Amino acid sequence: MIELDSVSHSYGGSELLGGLALRLPPGSFHFLTGPSGAGKTTFLRLCYAELAPTAGRVRIFGKDVRAMSRDDVAHTRRRIGVVHQDCQFLDHLSVAENVALPLSVAGRNAADHAGDLADLLGWVGLDTRAEALPPELSGGERQRAALARAVIMGPELILADEPTGNVDWEMSLRILHLLIELNRMGKAIVIATHDLNLIRAAKANVSARVLRIKDRRVQLAGADL
Amino acid sequence: MPALRPDRSDRVVPPAGMPVRLTQLTSAAMAFLAVFALALSLAAGRLADRWSDALARTATVRISAPQGQMTTQTEAVLDVLRTTPGVASARALSADEQRALLEPWFGPDLPVDRLPLPRLVELVEGPEGLDAEALRLRLAGEAPGAVLDDHTRWRRPLVAAADRLRLFGWVALGLIGAAVASMITLAANAALAANARVIEVLRLVGARDVFIARAFVRRFTRRALEGAAGGTALGMLAMALMPETGEAGGFLTGLGFRGWHWLWPLAVPPLAALVAFAATRAAALRMLRGLT
Ligand SMILES: Nc1ncnc2c1ncn2[C@@H]1O[C@H](COP(=O)(O)OP(=O)(O)O)[C@@H](O)[C@H]1O
Ligand SMILES: [Mg+2]
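Residues numbered from 1 in each chain as written. Chains lettered and ligands numbered in written order. Predicted model: local features only at pLDDT ≥ 70, side-chain atom pairs only at ≥ 80, totals over all residues. Heavy atoms only, no water.

## Brief notes about the coordination of the magnesium ion (ligand 2)
Note on metal geometry: ideal angles are 109.5 degrees for four donors arranged tetrahedrally and 90 or 180 degrees for six donors arranged octahedrally.
Then, in step 1: Donor atoms from the polypeptide that coordinate the magnesium ion (ligand 2) comprise Thr41 of chain A (OG1) and Gln85 of chain A (OE1), at 2.0 to 2.3 Å from the metal. Note that Thr41 of chain A is positioned in helix H1 (residues 40–47) and Gln85 of chain A in the loop between strand E6 (80–83) and helix H3 (95–99), a separation of 44 residues in sequence. (Donors = N, O, S within 2.8 Å, 3.2 Å for Na, K, Ca; no water. Helix = DSSP H or I, 4+ residues; strand = E, 2+ residues; numbered from the N terminus.)

Have a look at this one:
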C-alpha cells in the first residue's frame, strides 16, 4: 500500500532519515518508535505525501509521490486517515461538523452520512459532545475527535502520530483499543509513539510489528521490548 | 446531524472578517465613482456627436462690399456656389434674419438696412464634401469682398475636446476597475493569511485547491456584488436628482443618462463581481500552490 525505496529526507540541513526501504502491506499493524526528534512525524508525512523525499522513491497506492499533482495528493489523503500530532480543527465549527469535514471537502452530501456520523461519534464516545466547539474539548476528547475524523471516509490505512500524547493512561488504552478494532476491520495501522508501555499493552491483543528509528534508519525491532 | 450542507461549503472559512467588509465598502465607493465616469463618457460622446453633426454640413460666406456693389457681389457669390461641387444648396439671409441674429447683442431696433453690415450667405454641404480651399480661390476671383467661413476652424477643437473628455471617462472607468482588482487582491491575500491554519486543516483532510479557493471566492464575489449594487444605486439616484437648468446649462446638465443609457450603470455591479471573482481566485490559487 505504501512502499519506500532507498528514501532519504532532510529539512535543508543534514540528513534526518536515510536509506529507508520499507513496505506497509494492507491490514498490517505497525508501531513506529524512537526518541523525540528522531523523525517519526517526518516519516509519517512522507507516507501521506505532505513531504516529498529528498532522495529515493515513495509510492502510495502504487503511485510515485513525485509524479502526483496537487489534486492527486488531495485524493490520496481521502484514502488515508491521519491523526495528526497536534490535532487541528476548525474552531468555528462543531465537533460533528469537524468530524464530517472530510466528507464535505470531498463534495459528499454529509446528510447522506448522518447515520454513519452518529455511529462514529458514539463509537469514540463523543455523542454527547457533538455540538461542542473544539476549543472546549479535553485532550482525550480532541484525540478521539481526530480519530473519528480520520476514519469517516473509510480509509484503508490509518496513520496516528502520538495519538496518546497528552492523555492519561486509561484514555491511552481506550484510544489504542479503538485502533486495534479498526485493524480487526481490515485497516492497516501505523502508530507513532515514544511510549513503550503502549506497545507492550498492544502486543497482548494484536500482532504488531515495531519499527524503530535509530541512526537515521528505520529498523525492525526484535522481541526485546 | 448539523453537518455541512453542500450549498454552505463556504462555512469552512470563519465568518466574515475585516478584509471582506472593507471589500464591500470599497466596492460601493468605486461603483459610485464608476457611475459618474460612465455619465461623463456618455455625455461627452453626445456632445461630440451633436457638435460634429449640427455643424458639419453648414458654412457661411460673408460679403463686405460698398453699398452699390453689394447686390452684384451677392449674385456673383450665389452663382459661384451653384456651380461648386459639394454645395447642396445656398441662399442669402434676408434682412429680417440678419436682424434676428444680431438682436441678442444690439437690441431689436437695429436699422440693419442703413448700417454697412456684411451680407451673409448660408450654404449646406452635400454628402460628397466641400473643397474649401478651391472655393476660396474661386470666390476671390468672382467676388473680392466675399470670405468663406466654413466653421471647421472652431468646430474641430471643440469636437476634439469632447472626444478627449469621452476618452478620459473610459480611462477613469478602466482605472476604477484596476483599483478594485488591486484592492480585492490585497484583501483576499489578507484573508488567506489570516486563515492559513484553516487552509492547512482543509488541505490535510483532502480538500482540493479549487474547493478551498471557492470558499473565499464566493464570499468576496458576493460582498463585491452587494457593495457595488449599493454604490451604483446611490450614483444613479444622484444623477436622477441633478438639478434641471434647461438649455442654458449646456454641458453641465448634459451630464447624465438619457433614455436607454440608464441601462449602462446596471452593468457596474456584475462587472465588479466579475473583477472580484477573478482577483480572489487568482490570489487563492497562487497562495495554495505554495503549500504542500
Ligand atoms: N518543517 C521543518 N523544518 C525544519 N526542521 C524540521 C521540520 N520539521 C521537523 N524538523 C526537525 O526534524 C527533526 C525530526 O522532527 P520530527 O519528525 O517531528 O520528530 P519526532 O516526530 O520523532 O519527534 C527535529 O529535529 C525537528 O526539529
Ligand atoms: Mg512527532
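Following the structure, the description resumes.
## Focus on helix H5 (residues 114–123) of chain A
Residues and elements named next belong to chain A.
Then, in step 1: Turning to H5, its buried residues number three or more, namely Leu117, Leu120 and Leu121. Buried residues of H5, viewed axially, fall in a sector of 95 degrees; they line one side.
Then, in step 2: Count one or two residues on from H5 and you reach Gly125, which has phi positive near 75 degrees. (Buried < 20%, exposed > 50% of the residue type's maximum accessible area, 1.4 Å probe, protein only. Arc of directions from axis to C-beta.)

## Overview of a nonpolar patch on the surface
Residue and element names in this part refer to chain B.
Then, in step 1: Together, Trp170, Trp260, Leu263, Trp264 and Leu266 make up a nonpolar patch on the protein surface, roughly 580 Å² of accessible area in all.
Then, in step 2: In this fold, Trp170 is placed in helix H5 (residues 152–194).
Then, in step 3: Note on Trp170: relative accessible area 37%, which makes it partly exposed. (Patch = residues over 30% accessible without salt bridge, like charges linked within 9 Å, V, L, I, M, F, W, Y side chains within 5 Å. Areas by Shrake-Rupley, 256 points an atom, 1.4 Å probe, with all protein chains shown as cover. Salt bridge = Lys/Arg side-chain N within 4 Å of Asp/Glu carboxyl O.)

## Points about the nonpolar core
Then, in step 1: Counting residues in hydrophobic clusters, the biggest one holds 47 residues, and the most contacted among them are Leu90 and Leu101 of chain A together with Val12, Ile184, Leu202 and Ile212 of chain B.
Then, in step 2: Elements supplying a minimum of two residues to this core: helix H4 (101–105) of chain A together with helix H1 (18–56), H5, helix H6 (196–204), helix H7 (209–240) and helix H9 (268–289) of chain B.
Then, in step 3: Here Leu202 of chain B is in contact with Leu90, Leu101 and Val105 of chain A together with Val12, Ala207 and Ile212 of chain B, once residues within four sequence places are set aside.
Then, in step 4: In terms of nonpolar packing, the next biggest core, distinct from the first, is built from 45 residues, Phe89, Ala130, Ala145 and Ile180 of chain A among them. (Core = buried A, V, L, I, M, F, W, Y, C linked by side-chain atoms within 4.5 Å. Contact = heavy atoms within 4.5 Å.)

## A word on the packing of aromatic side chains
Residues and elements named next belong to chain A.
Then, in step 1: Under the criterion given, the structure shown has four aromatic pairs over all chains.
Then, in step 2: With 5.5 Å between their ring centres and 50 degrees between their planes, Phe29 and Phe31 make a pair best called tilted. Each member of the pair, Phe29 as well as Phe31, is classed as buried.
Then, in step 3: For Arg79, the ring lying beneath its charged end belongs to Phe61, and the centroid distance is 3.8 Å. (Phe/Tyr/Trp six-rings, centres within 6.5 Å; stacked < 30°, edge-to-face > 60°. Lys NZ or Arg CZ within 6 Å of the ring centre and 35° of its normal.)

## Some words on the environment of Val171 of chain B
Then, in step 1: Structurally, the position occupied by Val171 of chain B is in helix H5.
Then, in step 2: Along the primary structure Val171 of chain B and Ala132 of chain B are separated by 39 residues, whereas in three dimensions their C-alpha atoms are 36 Å apart.

## Describing the site of ligand 1
All names here are of chain A.
Then, in step 1: Within the structure, ligand 1 sits among Tyr11, Leu16, Pro35, Ser36, Gly37, Ala38, Gly39, Lys40, Thr41, Thr42 and Arg45.
Then, in step 2: Ala38 places a main-chain nitrogen or oxygen 3.4 Å from an oxygen atom of ligand 1.
Then, in step 3: At 2.8 Å from an oxygen atom of ligand 1 is found a main-chain nitrogen or oxygen belonging to Lys40.
Then, in step 4: Notes on ligand 1: free accessible area 560 Å², of which the protein chains cover 57%.
Then, in step 5: Along the lines of polarity and charge, the residues of the shell around ligand 1 split into four nonpolar, five polar and two charged. (Near = heavy atom within 4 Å. Polar contact = N/O pair within 3.5 Å; in protein donor to acceptor, adjacent residues only side chain to side chain. Nonpolar A, V, L, I, M, F, W, Y, C, P; charged D, E, K, R; others polar.)

## Some words on the state of the cysteines
Residues and elements named next belong to chain A.
Then, in step 1: Considering all chains together, one arrives at zero disulfides over all chains under this definition.
Then, in step 2: Cysteine Cys87 is unpaired, with the sulfur of Cys47 as its nearest cysteine sulfur at 19 Å.
Then, in step 3: Judged by its relative accessible area of 6%, Cys87 falls in the buried class. (Disulfide = S-S within 2.5 Å.)

## Quick look at the interface of chain B and chain A
Interface size is commonly expressed as the accessible area that is lost once the parts come together.
Then, in step 1: Contacts between the two partners involve 26 residues from chain B, matched on the other side by 30 residues from chain A.
Then, in step 2: Roughly 2,700 Å² of surface becomes buried between chain B and chain A when both sides are summed, with 58% attributable to carbon and sulfur atoms.
Then, in step 3: For the pair chain B and chain A, the interface holds four salt bridges.
Then, in step 4: A salt bridge links Arg197 of chain B to Asp91 of chain A; the nearest nitrogen and oxygen atoms lie 3.3 Å apart.
Then, in step 5: Here chain B and chain A share 12 residue pairs in polar contact (both at pLDDT 80 or more) between them. (Buried area = accessible area lost by both parts, 1.4 Å probe.)

## Points about unusual backbone geometry
The phi angle of most residues is negative, glycine excepted, and most peptide bonds adopt the trans form.
Residue and element names in this part refer to chain A.
Then, in step 1: In this model, Glu162 sits at a positive phi of 45 degrees, which is unusual for a non-glycine residue.
Then, in step 2: In this fold, Glu162 is placed in the loop between strand E7 (157–161) and helix H7 (169–184).
Then, in step 3: Of note, the phi angle at Asp215 is positive, near 50 degrees, even though the residue is not glycine.
Then, in step 4: Within the fold, Asp215 resides in the loop between strand E9 (209–214) and strand E10 (217–220).
Then, in step 5: Residue classification places Asp215 among the exposed residues on the basis of a relative accessible area of 63%.

## Section: the sheet that holds E7 of chain A
Residues and elements named next belong to chain A.
Then, in step 1: Spatial strand order, E6-E7-E8-E3-E9-E10: six strands in an open sheet with mixed pairing. Every other strand in the sheet has two partners, leaving E6 and E10 as the edge strands with one partner each. Each strand axis lies, on average, 20 degrees off the axis of its neighbour in the sheet, ignoring direction.
Then, in step 2: Direction of pairing for strand E3 (residues 29–33) relative to E9: parallel, over a ladder of four bridges. Counted as the bridge partner of Thr33 is Arg212 from E9.
Then, in step 3: Contacts from H7 reach E3, E7 and strand E8 (188–192) within the one sheet, and its direction differs from that of E8 by about 155 degrees.
Then, in step 4: Along the sheet, helix H8 (residues 196–203) contacts E3 and E9; its crossing angle with E3, the most-contacted strand, is approximately 165 degrees. (Pairing = 2+ DSSP bridges. Axes fitted to C-alpha atoms, helices over the stretch in contact; angles between N-to-C directions.)

## Quick word on the side chain of Ser41 of chain B
Then, in step 1: For Ser41 of chain B, the position within the fold is in helix H1.
Then, in step 2: When near neighbours in sequence (up to four residues on either side) are disregarded, Ser41 of chain B contacts Arg166, Gly169 and Trp170 of chain B.

## Topic: the domain arrangement of chain B
Then, in step 1: Along its sequence, chain B is carved into domain 1 (2–52 + 155–243 + 250–289) and domain 2 (65–144).
Then, in step 2: Using only C-alpha atoms to locate each centre, domain 1 of chain B and domain 2 of chain B end up separated by 56 Å. (Domains from an automatic or database assignment.)

## Details of the sheet that holds strand E1 (residues 2–9) of chain A
Residue and element names in this part refer to chain A.
Then, in step 1: The sheet built from four strands is open, its strands ordered E2-E1-E4-E5 with antiparallel pairing. Looking at which strands have only one partner, the edges of the open sheet turn out to be strand E2 (17–24) and strand E5 (63–64).
Then, in step 2: Note: strand E4 (residues 55–60) against E5, two bridges, orientation antiparallel. Considered in E5, the bridge of Arg59 is made with Asp64.
Then, in step 3: Of the strands in this sheet, E1, E2 and E4 are in contact with H1, which crosses E2 at around 55 degrees.

## Looking at the confidence of the model for chain B
Residue and element names in this part refer to chain B.
Then, in step 1: Scored by pLDDT, chain B has a mean of 83; 90% of the residues are at 70 or more.
Then, in step 2: Note on residues 1–7: pLDDT under 50 across the span, and 19 contacts to partners over four residues away in sequence or across chains.
Then, in step 3: For this predicted complex, the interface score ipTM comes out at 0.89, alongside a pTM of 0.75. (pLDDT = per-residue confidence, 0-100.)

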